[in-house]
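Single-letter residue listing:
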Amino acid sequence: MRQKTIGVMGAMPEEVNGIIQLLTDSEEVRLGMRTYYTGQLNGVPIVVVFSRWGKVAAATTVSTLILHFNVSEIIFTGVAGAIDSGLNAGDIVIGKRLIQHDLDGRPLMKQFEIPLLGVQYLEAPPEALERAVKAVHTLLDGNHLFSAVGEKELRTFGIVKPKVVAGDIASGDQFFASSKAKEELLQKLPGVLCVEMEGAAVAQVCYEYGISFTVLRTVSDTADEQSHIDFPAFIEKISNKYSIEIVKNILQCL
Ligand code: SAH
């Protein structure tokens, strides 16, 4: 039987570049302003691509992975702003439920309801969620992350004991960089752990095509006045290495 191909999407070019370098039998395919890299990582056939930013871009990219490359499931890694006050830079959030915080068809339907699907949240398939939680626990427990990223680099960002949590992720076409915007989001959606710009769109496309998905987010900033300062340095030094380790660990659990 032909082995299944996994689609790997990253929210930043820096996050996919490290994975692309590890591919064997790598080939590039240019489509719609995106470059898709096919190949194998640790013997698993994968297609890696930078999602581009925002819901429309991510939905387009994931559609191409499904329809053109025939991937059987999606792993999305990226950074996110923390909404829950218990989260710090370097913590990893795995999406259990994904919601589009800027989707509002009232009074025709409920706030956040996805037109025609009739739901507000999309849930990650339980098996994929369980596998991701296990993979990230292994990564964090085994001190592996410290050797991969470097203890000194992690300490520079105050990352001492990163944790993993599974829960609600909110996505929308907005970069959160103020305490006020953060407060407003929390009032609308009290259970949200972190905010980003692609995950719920990817979840919707996967749901509509009936394929499995995992959305993992490393906290890069606290979605407030400080976020545009913390964010670029974090990408450059930390999250590029996180994404390699996260993806490798999940593929090992397949
Ligand atoms: N670096 C780009 C912008 C990246 S957009 C530029 O300078 O033009 C931000 C990316 O990080 C998106 O993929 C989004 O999902 C995620 N992200 C990280 N922190 C976020 C925050 N505070 N609010 C919204 N998205 C955030």
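Residues numbered from 1 in each chain as written. Predicted model: local features only at pLDDT ≥ 70, side-chain atom pairs only at ≥ 80, totals over all residues. Heavy atoms only, no water.

**Notes on the side chain of S239**
Here comes step 1: Inspection of the secondary structure puts S239 in helix α8 (residues 227–252).
Here comes step 2: Take S239: its relative accessible area is 1%, and that puts it in the buried class.
Here comes step 3: Setting aside anything within four residues of it in sequence, one finds S239 in contact with E15, V79 and F234. (Helix = DSSP H or I, 4+ residues; strand = E, 2+ residues; numbered from the N terminus. Buried < 20%, exposed > 50% of the residue type's maximum accessible area, 1.4 Å probe, protein only. Contact = heavy atoms within 4.5 Å.)

**Quick notes on the nonpolar core**
Soluble, globular proteins show a tendency: their nonpolar side chains are buried together.
Here comes step 1: Residues I46, L65, I74 and Y242 are the most contacted members of the largest nonpolar core, which totals 75 residues.
Here comes step 2: Take this core: its biggest share by element is ten residues, from α8. (Core = buried A, V, L, I, M, F, W, Y, C linked by side-chain atoms within 4.5 Å.)

**Some remarks on the site of the ligand**
Here comes step 1: Around the ligand, 18 residues are found, and the nearest of them are F176, M197, E198, R217 and D221.
Here comes step 2: Between an oxygen atom of the ligand and a main-chain N or O atom of M197, the distance comes to 2.8 Å.
Here comes step 3: Here the ligand loses 79% of its free accessible area of 570 Å² to cover by the protein chains.
Here comes step 4: Counting only elements with at least two residues in the shell around the ligand, the list comes to β5 (73–82), β9 (192–196) and β10 (212–221).
Here comes step 5: A per-class count over the shell around the ligand returns eleven nonpolar, three polar and four charged. (Near = heavy atom within 4 Å. Polar contact = N/O pair within 3.5 Å; in protein donor to acceptor, adjacent residues only side chain to side chain. Areas by Shrake-Rupley, 256 points an atom, 1.4 Å probe, with all protein chains shown as cover. Nonpolar A, V, L, I, M, F, W, Y, C, P; charged D, E, K, R; others polar.)

**Considering the pairing of strand β3 (residues 34–41)**
Here comes step 1: Taken across its eight residues, β3 has seven buried, putting it largely inside the fold.
Here comes step 2: Linking strand β2 (residues 24–31) to β3, which pair antiparallel, is a turn of two residues; within it G32 sits at a positive phi near 55 degrees.
Here comes step 3: For β3 and strand β4 (residues 44–50), the ladder comprises five bridges, and the chain directions are antiparallel. Counted as the bridge partner of Y37 is V48 from β4.
Here comes step 4: Where β3 folds back on β4, the antiparallel hairpin that results is connected by two residues, among which N42 adopts a positive phi of roughly 50 degrees. (Pairing = 2+ DSSP bridges.)

**What about the packing of aromatic side chains?**
Here comes step 1: By the definition in use, this model includes four aromatic pairs.
Here comes step 2: Here the aromatic rings of F50 and W53 are separated by 5.5 Å at their centres, their planes lie at 70 degrees, and the arrangement is edge-to-face.
Here comes step 3: A centroid spacing of 5.4 Å and a plane angle of 75 degrees characterise the contact between F175 and F231, whose relative ring orientation is edge-to-face. On the criterion of sequence distance, the pair formed by F175 in the loop between β8 (164–171) and α6 (179–188) and F231 in helix α8 is long-range, its members being 56 residues apart.
Here comes step 4: By relative accessible area, F175 is classed as partly exposed at 37%. (Phe/Tyr/Trp six-rings, centres within 6.5 Å; stacked < 30°, edge-to-face > 60°.)

**Describing the pattern of salt bridges**
Here comes step 1: In total, this model carries eleven salt bridges according to the counting rule given.
Here comes step 2: Put simply, D104 and R106 hold a salt bridge, and the shortest N to O gap is 2.7 Å.
Here comes step 3: By relative accessible area, which is 37% here, D104 ends up partly exposed.
Here comes step 4: One network of salt bridges, in which partners are shared, links E196, E198 and R217. (Salt bridge = Lys/Arg side-chain N within 4 Å of Asp/Glu carboxyl O.)

**Details of unusual backbone geometry**
Here comes step 1: Of note, the bond from R106 into P107 is cis; its omega dihedral lies within 30 degrees of zero at 0 degrees.
Here comes step 2: Despite not being glycine, N70 shows a phi value in the positive range, around 60 degrees.
Here comes step 3: Mapped onto the fold, N70 is located in the loop between α2 (55–67) and β5.
Here comes step 4: Residue N70 is classed as exposed on the basis of its relative accessible area of 55%.
Here comes step 5: Residues other than glycine seldom take positive phi values, yet F112 does so here, at roughly 75 degrees.
Here comes step 6: Take F112: it is sitting in the loop between β6 (92–100) and β7 (121–123).
Here comes step 7: Accessibility expressed as a relative area gives 5% for F112, which makes it buried.

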